[in-house]
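# Analysis of the macromolecular model
For reference, the chains in residue letters:
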Amino acid sequence: MTRSGLSNVEVARLLRENGPNEIHQRGRVSVWSRVGLQLRDPLIMVLLAACALTTATGDLTDAAVIALVVLVNTTVGVAQELKADRAITALTQLTTPAVRVLREGVDCSIPASQLVPGDIVLLGEGDVVPADCDLLEASSLLIDESALTGESVAVGKTAARGEQAGDTVSSGTVVVKGRAVARVTRTGGASSLGRIAELMDSDVQATPLQRRLAGLGRTLALVAIALSALVLALGLARGQPLELMVITAISLAVAAVPESLPAVVTFSLALGARRMAARHAVVRHLAAVETLGSVTVLATDKTGTLTQARMVVEELWTPARQAVTPHPESGVFSWHGEVMGLCDAPDVVELLSAGVLCNDASLAPPGGSDGSAAGMGDPTEVAMLGAAEWAGLSRGQLAVEYPRIGEVPFDSVAQMMTTAHRSKDPDTKGLLVVTKGSIEALRGRHDPRSKSKDWHEALVWADSMAAEGYRVLAVASGRAASSADWEGTEQRLLGLFAMNDPAKPAAKATIAACRSAGIIPVLITGDHPATARAIALRVGVLDVVEGAGDGAVVTGPQISAGEPQDLTQARVFARTSPEQKLDIVRAWQDAGAVVAMTGDGVNDGPALHRSDIGVAMGGRGTEVARQAAQLVLADDDLGTLVAAVEEGRRVYANIRMFLVFGLAGGAAEILVMLLGPFTGLVVPLLAAQILWINLLTHGLTGVAMGAEPAAPDLMSQSPRPPEQSVLGAGLWQRVLALGVVLAGFALGLGLWAEATDRAWQTMIFLALTSLQLGVALGLRPRQFGLGNPLLPAAVLGSFLLAVAGVYLPVLQELLGTVALPWGDLVIAGGTGIVGWCAAQVSRRAVGPSAPIGATTTPAG
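Here we take up the sheet that holds strand 26 (residues 631–633). One open sheet holds the eight strands; their spatial order is 8-26-25-24-9-21-23-22, and the pairing between them is mixed. Edge strands, defined here as strands with exactly one partner in the open sheet, are strand 8 (281–283) and strand 22 (553–555). Each strand of the sheet is rotated relative to its neighbour by a mean of 20 degrees, with strand direction disregarded. Note: strand 22 against strand 23 (residues 572–574), three bridges, orientation parallel. Directly across from Thr-555, in strand 23, lies its bridge partner Ala-574.

Structural data, given as structure tokens:
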């Protein structure tokens, strides 16, 4: 292999040995695999067992009802996952579809996947580096490595010089300026991109909701089996027929399991996913909606997540005025609190003009009118052009007045760039020479003895701004007598540009909302510690007191050295590698936290994958980040995160509200069946009546509860403890209390009906239905709100179907009911008021405004 490139024979051999230049991705999950995963849910397995037993006893009607619940739940879950996958695919863009290479001396374009180690690639401005490479030639080369390192400032790269080794460029980075010739060293999984992708090759973590519901499913399965066995034994002991008792035992097993819980969970999550999709947030897995509501720690990347991923000039310095602040929105400057225009500041005009002339970037229309210009080239040069553009200085006009006739390109070693310009004014003699670069480099050349007061003051100001996270560039100019020796022209300092990557407008409000909700924000970046500290203070990750200490920011090298021992004590991490980001997330998880990780770069991928919920940016985000995340913000709006957290908490609150409703009703039915025979009511309810009650209460009504709006103070609550059971925080006690109340009134009504020679069994059937429907209305967080009209409609419909079960002949025969006099109907139906009152008392026992799904501890 020579500089002419590889031969076709060598390429074929290397392609066989190394494989294509592609990152290994997990294979697509088939529809049947997704169905299998849905059916492995513990509650679904309980329902499948009940369905099989009812089928075995010949009760095909009840079996069909249970099977329908399973079918609907599975269909909705699989459909949502497929829809999310299609949305993610639509976001996917080919980062390097083709690349220029030299092969057999010919400059040709090939698919990036066909690159092999040893290929000679030609890189230009705007190109994505397709593989890890060594630089052979480089001219004014600047590389944006933010996707890999999180560093928002482009990095200068040089080729080999004599004995000095050249720099390398990594796959996935972007050429923002210059050109290069490079030799490919590593491709595919061996490249920087591939090694990071390997860190994500681990099992997906179960969400908190999945873990809680799995535990609940196992508990309910054991309870159902035990109760079924108990009822079967008691019935046989009283001489009841075996077939009747088997059906009754199975009915009780179904009563012990809130069979519509999977449907309620799926409906609640799907509704949350739909609401989030309307705000451009793509949910890849339904359970991810609830997980955000469980989050106790928000670990966020900096560049592109909290910040805008583009540089903006925020301060200027000139020897005459010291600090000058631009105000892009009004097109003026402020100095010592006073507003001034360009006509009042010739020194500022000279500084901005020089920044335009010594500049290789270009602006995209409308050209930086908001002070945060978009364009091609080095981000710092784009920012300088933007500052001049909104101030009214046209690059086109300046280029005509001072055409460039020579330049010394930027050099990462010299840390400066110089240009020479000839004036179109015939009265102006000589050349205008402009240099920009680091303050230290320019001072070393133009004030070598450190005698100038201006240079000294500029250095002090630059150091103070750098300590606050700003990128500072100095600009100097001078006059050369002729074009022969302009490179050595003595120059005077014009001033300094202080730039930074500004925070997104929604970032501070988002962090404040998280703090208010009791969520701990943590900043993890690969950027400089000073920059990380500045952004953390700006958006509220750190307050002024926290940011003042030396230990406020922990760096990657400190983590490698084993300090600090407890990573959960720090709130800001800088200079971190992908592996260290992973360590930080694991440390929080080991401490019992539920961690959400936001990011957009390749370097965020492993941490996004490992966290309890990864949130990727869909616009600027890399494909690696999108594939690693469970939630993708298609519009990169951080404000959507706050809505997502509230949506997750609402979903969990509604699930817990349904559990109170469903389990209390099931407990009441079980108590009626167990205690009834001891009071003289031999068979209080028939199996068909139990299943009909459950179908009406756990069906439309239960599912409608999943659409309940959030309680008013939901986001002022602390996150629920990660180890808390889904029945924790006093929920199971409320279930038992409500169950006892409902069972007591139902049995009392049945005994009274029997004593007065009424149709007591039918009245117990109708009373238990009404009592449970009353509980459904009484548990609502907003009693008379119109946010969920579906629930009152479902309650009314369920009650009418219960009444139909009493009066329609076909249902009378199926359920074993008899028609009631209107007076008895009013008495049995009126017990719903008791259920409503009991639910209201239950709510007020834990605080009148406390949502079902959150603790009542105020957020800290």
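We are not done yet, so read on.
Looking now at the pattern of salt bridges. A full pass over the atoms with the stated rule returns 16 salt bridges. A salt bridge links Asp-107 to Arg-100, with the nearest nitrogen and oxygen atoms 2.5 Å apart. The exposure class of Asp-107 is partly exposed, given its relative accessible area of 39%. Taking the relative accessible area as the measure of exposure, Arg-100 reaches 43% and is therefore partly exposed. With a shortest N-O distance of 3.3 Å, Arg-186 and Asp-132 are connected by a salt bridge. A residue pair is termed long-range when its members are at least 10 positions apart, and Arg-186 in strand 7 (residues 174–186) and Asp-132 in strand 4 (residues 132–144) qualify at 54 residues. Linked through salt bridges whose partners overlap, the residues forming this network are Asp-360, Arg-404 and Glu-407.

Our focus in this paragraph is the sheet that holds strand 11 (residues 322–327). Overall, antiparallel pairing links the nine strands, which are arranged 13-12-11-10-20-19-18-17-16 in an open sheet. Single-partner strands in this sheet number two, and they are strand 13 (338–340) and strand 16 (404–411). Shown here is a sheet whose adjacent strand axes are inclined to one another by a mean of 25 degrees, direction ignored. For strand 19 (residues 471–480) and strand 20 (residues 492–500), the ladder comprises seven bridges, and the chain directions are antiparallel. Within strand 20, the residue paired with Val-472 across the bridge is Ala-498. On top of the sheet, helix 11 (residues 346–357) reaches strand 10 (312–318), strand 11, strand 12 (332–335), strand 13, strand 16, strand 17 (416–422), strand 18 (431–437), strand 19 and strand 20; it is set at about 75 degrees to strand 20, its chief contact.

Thresholds, definitions, all that
Numbers given to residues run from 1 along each chain, matching the order in which its sequence is written. Two thresholds apply to this predicted model, a pLDDT of at least 70 for residue-level local features and 80 or more for giving and counting side-chain atom pairs, whereas whole-chain, interface and lining totals are computed over all residues. In computing side-chain values, all of the structure's heavy atoms are included and hydrogens and water are not. Note: two strands are recorded as paired if DSSP finds a minimum of 2 bridges between them. The secondary structure listing takes helices from DSSP runs of H or I that are at least 4 residues long and strands from runs of E that are at least 2 residues long, numbered from the N terminus. Axis definition: a line fitted to C-alpha atoms, limited for helices to the stretch in contact. Angles are taken between N-to-C directions and run from 0 to 180 degrees. Every case where a carboxyl oxygen of Asp or Glu lies within 4 Å of a side-chain nitrogen of Lys or Arg is listed as a salt bridge. Only protein chains enter the accessibility calculation, which uses a 1.4 Å probe; a residue whose area is less than 20% of its type maximum is buried, one above 50% is exposed, and one in between is partly exposed. Note on contacts: a residue pair is in contact if any heavy atoms of the two residues lie within 4.5 Å.

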